[in-house]
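# Observations on the three-dimensional arrangement
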Amino acid sequence: MSPKKTADVKADAAATVKKAAAKKTATKKATTKKTAATKTASANKATKTAEKKVAAAKEAEVIAESYQTPAEINAALNTLKEETIDGEKYIEAVDQVKPYVPEEIKEEPKAPAKKAAAKKTAAKKAPVKNETPAQVEAAKKAEVIAESNQTPAEIKAAEATLKAEAIAGEKYIEAVDKLAEEKAAAPAPKAPAKKAAAKKPAAKKAAKKETPAQVEAAKEAEVIAESNQTPAEIKAAEKTLKAEALAGAKIIEAVDAVKDTPYTPEQLSRQTLAAKAFAEGCAQKNLAARSKAAAAKAAKLYKKPAKSAKAVSAKAAGNQIANDIMKEAQAENRLLKLIKEVPGTSYEVVIAEIEKNAAMESRKALAAKAKNAPEAKTAEVPEEEKNAFYDSLDDYTLLEMAKTLGLDIDMDTLKNELTHAIDLDEQIDQYMKKAITANKDYTFAVDGFDTSVIPYLCRRIAATLPNKAADNVDLAKKINADIDRILINDGLNDSAIYKDLLDDVRKILIYAQHNNLHTLEEVGKIIPADLNKLVDRFMTVAYTILPGWQYNDVKYYEGFIYGVMAQFDDLVNWQNRALMDIADLYIKHGDYQNGNSGYGYVLRENQLKDQIYYRFAHVYEPFDLQRAKNIAQDALRVIDGRYDYYPKILEILQK
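Here we summarise the structure given alongside this text. Just so you know, the residues in each chain are numbered from 1, in the order the chain's sequence is written. Predicted model: local features are reported for residues with pLDDT of at least 70 only, side-chain atom pairs are reported and counted for 80 or more only, and whole-chain, interface and lining totals are derived from all residues. No hydrogens and no water enter the side-chain calculation; it runs on all heavy atoms of the structure.

### Some words on the overall build of the chain
- Helices and strands together make up the secondary structure of the chain, namely 28 helices and 0 strands.
- Considering only contacts in the chain between residues 6 or more positions apart, those separated by 24 or more positions represent 65%.
- As displayed, the chain has an accessible area near 47700 Å², and 57% of this comes from carbon and sulfur atoms. In this text, helices come from DSSP runs of H or I with a minimum length of four residues, and strands from runs of E with a minimum of two, each type numbered from the N-terminal end. A contact between two residues is defined here by any heavy atoms of the two lying within 4.5 Å. Note that accessible areas follow from Shrake-Rupley with a 1.4 Å probe, and for residues the cover is restricted to the protein chains shown.

### What to know about the environment of T519
- Positionally, T519 belongs in the loop between α20 (491–514) and α21 (520–526).
- Counting along the chain gives 52 residues from T519 to L571, while the straight-line C-alpha distance between them is 8.1 Å.

### Points about the packing of helix α26 (residues 610–620) against helix α28 (residues 646–654)
- As a rule, the C-alpha atoms of each element are fitted with a line to give its axis, helices using only the stretch in contact, and angles between N-to-C directions run from 0 to 180 degrees. Interhelical geometry of α26 versus α28 gives an angle of 30° and a closest axis separation of 9 Å. Classified by the interaxial angle, the pair formed by α26 and α28 is roughly parallel. In this structure, the crossing between α26 and α28 has a hand that is left-handed. The residues of α28 that touch α26, namely those facing D610, Y613, Y614, A617 and H618, are K648, I649 and I652. Each angle gets one of four labels, with under 35 degrees taken as roughly parallel, over 145 as roughly antiparallel, 65 to 115 as roughly perpendicular, and the rest as oblique. Left-handed describes a crossing whose near helix is turned anticlockwise from the far helix through less than a right angle; right-handed describes the clockwise counterpart.

### A look at a negative patch on the surface
- Negative charge collects at one region of the surface, where E174, D177, E181 and E182 lie side by side.
- Within the secondary structure, D177 sits in helix α6 (residues 152–185).
- The rule is simple: take the accessible area with a 1.4 Å probe, protein chains only, and divide by the maximum for that residue type; under 20% is buried, over 50% is exposed, in between is partly exposed. Overall, the relative accessible area of 34% leaves D177 in the partly exposed class. Exposure above 30% relative accessible area and the lack of any salt bridge qualify a residue for a patch; like charges then connect within 9 Å, and the nonpolar side chains Val, Leu, Ile, Met, Phe, Trp and Tyr within 5 Å. Salt bridges are defined by distance alone: a side-chain nitrogen of Lys or Arg within 4 Å of a carboxyl oxygen of Asp or Glu. Asp and Glu count as negative and Lys and Arg as positive, but His and the ends of the chain are not part of the count. A single reference atom marks each charge: NZ on Lys, CZ on Arg, CG on Asp, CD on Glu.

### As for the side chain of D450
- Tracing the chain through its elements places D450 in the loop between α17 (444–447) and α18 (453–462).
- A polar side-chain atom of D450 sits 2.8 Å from a polar atom in the side chain of K386.
- At 2.4 Å, the side chain of D450 and the side chain of S452 are in polar contact. Polar contacts, as used here, are pairs of N or O atoms within 3.5 Å; protein pairs need one atom able to donate a hydrogen and one able to accept it. Residues neighboring in sequence count only if both atoms are side-chain atoms.

### Some points on helix α15 (residues 411–420)
- Turning to α15, its buried residues are M411, L414, L418 and T419. With its buried residues spanning 130° around the axis, α15 presents them on a single face. Seen from the open side of α15, the exposed residues pointing more than 90 degrees away from its buried face are D412 and H420.
- Looking at the buried side of α15, the elements it contacts are α14 (395–404), α16 (424–438), α18 and α19 (469–483). In this context, the arc is that of the directions from the helix axis out to the C-beta atoms.

### With respect to the environment of K171
- Tracing the backbone through its elements, the reader meets K171 in helix α6.
- On the basis of relative accessible area, K171 is assigned to the partly exposed category, the value being 43%.
- Separated by 46 residues in sequence, K171 and A217 have C-alpha atoms that sit 9.4 Å apart.

### Remarks on the side chain of D581
- With respect to the helices and strands, D581 occurs in helix α24 (residues 575–588).
- Contacts of D581, omitting those with residues within four sequence positions, involve M539, Y543 and R615.

### Details of the pattern of salt bridges
- For the coordinates displayed, the defined rule picks out 18 salt bridges.
- Between D482 and R485 there is a salt bridge, with the nearest N and O atoms lying 3.4 Å from each other.
- With a closest N to O distance of 3.8 Å, R627 and D624 form a salt bridge.
- Overall, the relative accessible area of 32% leaves R627 in the partly exposed class.
- Linked by salt bridges that have partners in common, K478, D482, R485, D500 and D504 make up one network.

### Quick notes on the nonpolar core
- Of all hydrophobic cores here, the largest spans 40 residues; its most connected members are I479, Y498, I508, V523, F538, Y557 and F568.
- Every element with two or more residues in this core is listed here: α19, α20, α21, α22 (531–545), α23 (551–567) and α24.
- Counting residues per element, this core draws most heavily on α20, at 9 residues.
- Take the buried Ala, Val, Leu, Ile, Met, Phe, Trp, Tyr and Cys residues and link them wherever side-chain atoms come within 4.5 Å; each set so joined is a nonpolar core. Formed by 25 residues, the second largest nonpolar core is a distinct cluster that contains Y390, L398, Y456 and I461.

### Focus on the packing of aromatic side chains
- Any two of the Phe, Tyr and Trp rings considered here, Trp counted by its six-membered ring, make a pair once their centres fall within 6.5 Å; the pair's planes then place it as stacked at under 30 degrees, edge-to-face at over 60, or tilted in between. A complete count under the given rule lists 17 aromatic pairs for this structure.
- Ring centres of Y620 and F623 lie 5.7 Å apart, and the angle between their planes is 55°; this geometry places the pair in the tilted category.
- When its relative accessible area of 0% is taken as the criterion, Y620 is described as buried.
- Three or more aromatic residues joined by ring pairs make a cluster, and in this case those are Y498, F538, W549, Y556, Y557 and F560.
- By definition here, charges over rings are those cases where NZ of Lys or CZ of Arg is within 6 Å of the ring centre and within 35 degrees of the ring normal. Over the ring of Y592 we find R627, and its NZ or CZ is 5.5 Å from the ring centre.
- When the ring centre of Y614 is taken as reference, the NZ or CZ atom of K648 above it lies at 5.6 Å.

### A closer look at the packing of helix α27 (residues 625–635) against α28
- Relative to each other, α27 and α28 sit at 140°, their axes nearing to 9 Å. Relative to α28, the element α27 lies oblique. Considering how the two elements wind past one another, α27 and α28 form a crossing that is left-handed. Residues A628, K629, A632, Q633 and A635 of α27 form the contact with α28, whose participating residues are I649, I652 and L653.
- Considered class by class, the residues forming the contact of α27 with α28 number 6 nonpolar, 1 polar and 1 charged. Amino acid classes used here: Ala, Val, Leu, Ile, Met, Phe, Trp, Tyr, Cys and Pro are nonpolar; Asp, Glu, Lys and Arg are charged; the rest, including Gly, are polar.

### A few points about the environment of D503
- Mapped onto the elements, D503 comes out in helix α20.
- Taking relative accessible area as the criterion, D503 reaches 24% and is therefore assigned partly exposed.
- Separated by 24 residues in sequence, D503 and I479 place their C-alpha atoms 9.7 Å apart.

Quick look at the structure:
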């Protein structure tokens, strides 16, 4: 190989090595950058995760210390956010209302000096923008208008209205301040120059008619002149208004000073509420001041109507006096004619004796009138008011009142007598007679109780006593009425009869269980009703209507009637009837197993089986004649012609 080729080969090899090295270096740098970027992203992610954890921990701590639920806290945060947005909008709206600045009349600059004039204007505006924070925000106005949901015409109309109100308000305040200064600085006018002084303000007023604000100021001066307040009070009111104006200006300056500072939701909300409260307070004070001034003016203008009195002449007054004297003299003469003269006794002694006798007669007449006068009656207290007062007292307090009235009885005796009283009203009448006999004078209006406490106490205690004789009498009347009620194949009527009879039998059963009574005869001595007839009627009605009711009603009736049979020993002969009634009801409801087992038990436990076999076969006869015949055929194995139900069993077999 030639030296040249060898050099070329070496150069190519060196270039290849350099390229590989450069590629490796670039790969390493890229890997390093990627690793650094990955680490930076991981670090940022870890930082964000840590911040989220810290925020979550703080939120969990706040929720743990709060007495509100998380849902309530989230709702409160949402409310604060909404208030923040409203507060910012309110501040932006306030900032948009610029204070009134009188526009200067500027001459139009010439064309060559346009740039210089623009520079001067910019130089002038720069310090103004630095001094007035509201003007700094003027640049935001275009952005607000762009984002507003109002048309430009509406925005311009609103701005014009606000400017007009601001101008009118400032002019009004300037006029009032000027008037106050003029009034304070004006010297007291002298008496001779009164007319001239009056003419000068008139001339001023004529000159001020062109300005509405000055007309308003003149009216204000007139109100002050007619006010019923002292100058000191007027000055104090002016000081208060100035202080309020300064306070308002300070609030506005404070708001402008911190408008660029980030606010918390609580601060924004409170600032908005404070501004609204201040505005409302100023409005109320202004209304109060104007009302007071108007009232003072009305008081001054009011004049009381003069009373018209007829003038009495001196001659008429003299004639009246003379007539009175004559009438008195004539009356004395008539009195002297009525008094008889007593010989040897002076006129004065006779008059004194007559007066003494007249006084004695007058006393006797008054005494007789007082004796015969009816006694003053105290106002009768309504029964509802008495009962309402007695309701607030316990039984023992009421019993002490009854004892005070003459009813000598203790609580246990009273309860026992009320329990055994057949008629509660008659028992109460007996207690009332005892109180009347005692003749104790107590009235509700004076003492807080009277004889009305006795019937109230008796009825209240009787309402808490179980199984009273009076209740037993009422129950007996109800039982006798329910027994006589007739089934008419009407669902509502028949159901009501069954439920009433069931309730009557239940009360009899409960009474017997509570008083350890085991026969209907014993219970009948206390509850004067035909209780055997009651049980018979109840079982008949149940057997008649329960086939059309639900199966569970039959189950309930079975348990209830077995409880009645177990409680009363004199119903032992009714047990077979109850067993067969329940077996028939099961069969009619399709529960043949329970029905057949019931009849099987009755057949095993009784020697006379003809009636049992007949009922057993008869219950199947309407819907399963073959089974009824099978039962009748079984009956013929144990009965014959000597039994009463033998012919009826043969009738079933012959069908």
